[in-house]
Amino acid sequence: MNGQTIAYLRVSTIDQKLDRQEALKQGADKVFEEKASAATRDRPQLEAMLGHVREGDHIKVWSIDRLA
């Protein structure tokens, strides 16, 4: 079964831009973008992505520290 490709883009502060991670959007079926520190548990787009993803989907992130 082929799943969707999901992109999760995150930067740590509101002042930062997601530009470096834009390439992740290429070929993605769904994109979640967030401006939030990894130090906080308040990450609504991460929660939304986790609620959206299904078995067989592929998640693309810039680096593992962007995810968690």
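S.K.: Teacher, can you tell me more about the nonpolar core here?
M.R.: Soluble globular proteins tend to pack their nonpolar side chains together in the buried interior. By size, the foremost hydrophobic cluster in this structure holds six residues: Ile 6, Tyr 8, Phe 32, Leu 46, Met 49 and Val 53. Secondary structure elements with two or more residues in this core: β1 (5-11) and α1 (44-52). Here Val 53 is in contact with Ile 6 and Ile 59, once residues within four sequence places are set aside. Core analysis: the next-biggest nonpolar cluster, separate from the first, contains five residues, Ala 7, Leu 9, Val 11 and Leu 24 among them.

S.K.: Would you mind going over the pattern of salt bridges with me for this structure?
M.R.: Close approach of charged atoms allows side chains of opposite charge to pair. Enumeration over the complete set of coordinates arrives at four salt bridges. Close ionic contact of Glu 22 with Lys 25 constitutes a salt bridge, the shortest N to O distance being 3.3 Å. Accessibility expressed as a relative area gives 29% for Lys 25, which makes it partly exposed. Arg 43 is paired through a salt bridge with Glu 34; the nearest N and O atoms lie 4.0 Å apart.

S.K.: Any chance you could explain the side chain of Arg 66 here in plain terms?
M.R.: With respect to the element layout, Arg 66 can be found in helix α2 (residues 64-67). Beyond its immediate chain neighbours, meaning those up to four positions away, Arg 66 contacts Tyr 8, Arg 10, Val 11, Ser 12, Gln 21 and Arg 43.

Thresholds, definitions, all that
- Residues numbered from 1 in each chain as written.
- Predicted model: local features only at pLDDT ≥ 70, side-chain atom pairs only at ≥ 80, totals over all residues.
- Heavy atoms only, no water.
- Core = buried A, V, L, I, M, F, W, Y, C linked by side-chain atoms within 4.5 Å.
- Buried < 20%, exposed > 50% of the residue type's maximum accessible area, 1.4 Å probe, protein only.
- Helix = DSSP H or I, 4+ residues; strand = E, 2+ residues; numbered from the N terminus.
- Contact = heavy atoms within 4.5 Å.
- Salt bridge = Lys/Arg side-chain N within 4 Å of Asp/Glu carboxyl O.

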